[in-house]
Amino acid sequence: MNTVEFQNKPRILSTGTVAGPKECAGIVGKYVDKCLVDDRFGESTYEKAECKMLAYAISKTIENSPFDEKGVDMLISGDLLNQIISASFAARDFTMPFLGVYSACSTMSESMAIAAAFVNAGYVKRVVAATGSHFSSAERQYRYPLELGNTRPPQAQWTVTGAGGVMIADAGSDVAITHATFGKVVDFGITDVNNMGAAMAPDIGIIGI
Amino acid sequence: MNTIFFENNPRIVGTGTIAGPKECAGVIGKYVDKTLTDDMFGESTYEKAECKMLSYAISKAIENAGMTEKDIDLLISGDLLNQIISASFAARDFDFPFLGVYGACSTMAESMAVAASFVNAKYYKNIVAATGSHFSSAERQYRYPLELGNTRPPQAQWTVTGSGGCVIAPTGSHIAITSATIGKVVDYGITDVNNLGAAMSPSCASSLLEHLKDTGREPDYYDLIVTGDLGALGSRILKDLTWEKGCDIAKNHVDCGEIIYNVIEDEFQGGSGAGCSATVFNSYLMDKLKRRELNKILFIATGALLSTVSSGQGESIPCISHAVAIENV
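Cut-offs applied
Residues numbered from 1 in each chain as written. Chains lettered and ligands numbered in written order. Predicted model: local features only at pLDDT ≥ 70, side-chain atom pairs only at ≥ 80, totals over all residues. Heavy atoms only, no water. Helix = DSSP H or I, 4+ residues; strand = E, 2+ residues; numbered from the N terminus. Contact = heavy atoms within 4.5 Å. Polar contact = N/O pair within 3.5 Å; in protein donor to acceptor, adjacent residues only side chain to side chain. Core = buried A, V, L, I, M, F, W, Y, C linked by side-chain atoms within 4.5 Å. Buried < 20%, exposed > 50% of the residue type's maximum accessible area, 1.4 Å probe, protein only. Phe/Tyr/Trp six-rings, centres within 6.5 Å; stacked < 30°, edge-to-face > 60°. Lys NZ or Arg CZ within 6 Å of the ring centre and 35° of its normal. Pairing = 2+ DSSP bridges. Axes fitted to C-alpha atoms, helices over the stretch in contact; angles between N-to-C directions. 1 Å grid on protein atoms, 1.4 Å probe; cavity = no way out; pocket = protein on both sides within 12 Å on 5 of 7 lines; lining within 4 Å. Points joined across faces, edges and corners; volume = space filled by probe spheres on them. Nonpolar A, V, L, I, M, F, W, Y, C, P; charged D, E, K, R; others polar. Buried area = accessible area lost by both parts, 1.4 Å probe. Salt bridge = Lys/Arg side-chain N within 4 Å of Asp/Glu carboxyl O.

Caption draft 1: Just the environment of Ser137(B), in detail. Residues and elements named next belong to chain B. On the secondary structure map, Ser-137 appears in helix H5 (residues 135-142). Look past the residues within four positions of Ser-137 in its chain and what remains in contact with it is Tyr-46, Glu-47, Glu-50 and Leu-81. Only 2.5 Å separates the side chain of Ser-137 from the side chain of Glu-50, close enough to count as a polar contact. A distance of 3.3 Å separates a polar atom in the side chain of Ser-137 from the backbone oxygen of His-134.

Here you go:
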């Protein structure tokens, strides 16, 4: 049994989101809290921009709830950069305790699952779970310098520039997290780093909302 | 209130440890399950050796708990390498769910805190928490290629080659995890990547003081307040920082990094790395708990949340420390 059932039904109280220009041209454009026109977000490096987006998503999540920073008991976050620097440096801006997690692009559901588990058990009242990524910081860390102008194979994907967070609380909304299934590590032997879809499909992590 | 109290007293029912030759020449040598004579552990790269050590620690902890892989419900692990590859690749060897965490060298306490939270809330029965590090993989990722032969400054520490893990379960031993204090990120503006003791000690002081405040305890409640890898210098800074706040830990504080090596030569301030507190706690200290020579321990693993990119971009070093109270019940 890998599924945890949350009998006290922890709620999603609020969310906060920010995304880049390319992302906002799509389906999320009308719904995010902030659309960036400049994907550097006024910072000097892409990594600092990624961190600032994540800090924005966390702040905005808190702002969109009836609580202030003092009312949040914990932050659970992680990201794609080495040593999850976006999350760690964003956490430095806040006064609540921080739990760093890493599971690459599954971080949103991992952090929500832990947050819901902690709220459901009554350990804490309100937790913010958040993550984000940036095309340009991911590209130069995982692939090639952008200046090289490498072509991309057709099975490739495009790292999203954006960050999102949720506040999970013991009460206060009609959206509840009811179950979480923690995933196993599955490896079907795919070695093509440009074909993450094929590599990830055999593994499924589920969160019931 | 940053402290979680575990009223069901989740127990530590088994541990598994492994360490390199340099580490086993020191205090943990008699207590670890396996001493490596070859720090490559028969693998072709240091990273693969680190992963194999972590895998060994997980398997050994399960075996020492008198369980099989089928009894384990969840693995919580992380490490120092980019994208925590040691933990992720070790998790691939096992058929239970995996929760990846990252808290740099505070990973042992972080994973134990989350595991105890899950067991206490009865989400799962048996959870393995584990981490490790390797001198040579850390050195070439965080610092310089070993072949360069760079000299090390006197404030530097030496990353421990070793891994440790424990099985946390609802019953089955007299060693319980009674509470955990989740740390805040603290940054006093230290930018010297060779002086992690100075960078981490303020976060350690923060978590320790927060823990004592939340629990209403005095430092002498604990037989031992053991920190992760502050090193000799960081340990002295911690004593000063807590002294300033009216909290005297001089009598019962010890740092895993300061005590792990037998002879301090190139290691200068002592050991560091996620494997430092993981091996010292899961071997040496757990033995003292089992024999009831120590009965109440506050285990505070300390982590520096820097990366080569953040330091290269001129950032200072944010740090975090998580505290876990372990008591004989």
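Caption draft 2: Looking closely at the nonpolar core. Of all hydrophobic cores here, the largest spans 76 residues; its most connected members are Phe118(A), Ile12(B), Met112(B), Phe118(B), Phe299(B) and Ile326(B). In terms of residues, this core owes the most to one element, helix H4 (residues 107-120) of chain B, which gives nine residues. Not counting chain neighbours up to four residues away, the residues in contact with Phe118(A) comprise Met74(A), Leu99(A), Tyr123(A), Val124(A), Ile4(B), Val114(B), Ser117(B) and Phe118(B). Counting residues in hydrophobic clusters, the runner-up holds 62 residues, among them Phe41(A), Ala61(B), Leu75(B) and Ala104(B).

Caption draft 3: Structural context of the packing of aromatic side chains. Tallied over the entire structure, the rule returns 16 aromatic pairs over all chains. An angle of 85 degrees between the planes, with centres 5.9 Å apart, marks the rings of Phe6(A) and Tyr123(B) as edge-to-face. Of this pair, Phe6(A) sits in the loop between strand S1 (3-5) and strand S2 (11-19) while Tyr123(B) sits in the loop between H4 and strand S6 (127-133), which puts the two residues in different chains. Each of the two residues, Phe6(A) as well as Tyr123(B), counts as buried. Measuring from centroid to centroid gives 5.7 Å for Phe182(A) and Phe118(B), while their planes differ by 50 degrees, and the two rings are tilted. Residue Phe182(A) is found in the loop between strand S8 (179-181) and helix H6 (196-200), and its partner Phe118(B) is found in helix H4; the two belong to separate chains. With relative accessibility at 5%, the residue Phe182(A) sits in the buried group. Lys52(B) extends its terminal NZ or CZ atom over the ring of Phe41(B), reaching a point 4.5 Å from the ring centre.

Caption draft 4: Seen up close, the sheet that holds strand S3 (residues 34-35) of chain A. Residues and elements named next belong to chain A. The strand order across the open sheet built from six strands is S3-S2-S7-S6-S4-S5, with neighbouring strands paired in mixed fashion. Looking at which strands have only one partner, the edges of the open sheet turn out to be S3 and strand S5 (98-100). Sheet topology places S2 next to S3; two bridges connect them, and they run parallel. Bridge pairing links Ala-19 to Cys-35 in S3. Helix H4 (residues 107-120) contacts S2, strand S4 (74-79), S5, strand S6 (126-133) and strand S7 (162-169) of the sheet and is inclined by roughly 175 degrees relative to S6.

Caption draft 5: A look at the layout of surface pockets. Residues and elements named next belong to chain B. What the second largest pocket holds in volume is close to 270 Å³. As for the second largest pocket, its lining consists of 15 residues, of which Glu-139, Arg-143, Tyr-144, Asn-150 and Thr-151 are closest to the centre. Partitioning the lining of the second largest pocket into residue classes produces eight nonpolar, four polar and three charged.

Caption draft 6: The arrangement of empty space enclosed by the protein in detail. All names here are of chain B. Evaluation of the coordinates by the stated rule reveals three cavities of 30 Å³ or more. As a volume, the largest cavity reaches approximately 50 Å³. Every residue lining the largest cavity is listed: Arg-143, Ala-156, Gln-157, Val-193, Asn-194, Leu-196 and Ser-272. The class makeup of the residues in the lining of the largest cavity is three nonpolar, three polar and one charged.

Caption draft 7: View of the interface of chain A and chain B. Listed per partner, the contact involves 43 residues of chain A and 48 residues of chain B. Carbon and sulfur atoms supply 61% of the area buried between chain A and chain B, which totals about 3,700 Å² over both sides. Counting across the chain A and chain B interface gives four salt bridges. With a closest N to O distance of 3.5 Å, Lys184(A) and Asp95(B) form a salt bridge. At the junction of chain A and chain B, the tally comes to 28 residue pairs in polar contact (both at pLDDT 80 or more). Contributions of two or more residues to the side of chain A that touches chain B are made by S1, helix H2 (46-63), helix H3 (85-91), S5, H4 and helix H5 (135-142) of chain A. Sorting elements by how many residues they give to the side of chain A that touches chain B places H4(A) first, with six residues.

Caption draft 8: The arrangement of the pairing of strand S8 (residues 162-169) of chain B in detail. Residues and elements named next belong to chain B. By the criterion of burial, S8 is predominantly enclosed, with eight of the eight residues buried. Neither face of S8 is exposed, since Gly-162, Gly-164, Cys-166 and Ile-168 on one face and Ser-163, Gly-165, Val-167 and Ala-169 on the opposite face are all buried. Relative to S8, strand S2 (residues 11-19) runs antiparallel, the two sharing eight bridges. The residue bridging Ala-19 from the neighbouring strand is Gly-162, located in S8. Pairing between S6 and S8: seven bridges, direction antiparallel. The residue bridging Ile-127 from the neighbouring strand is Ile-168, located in S8.

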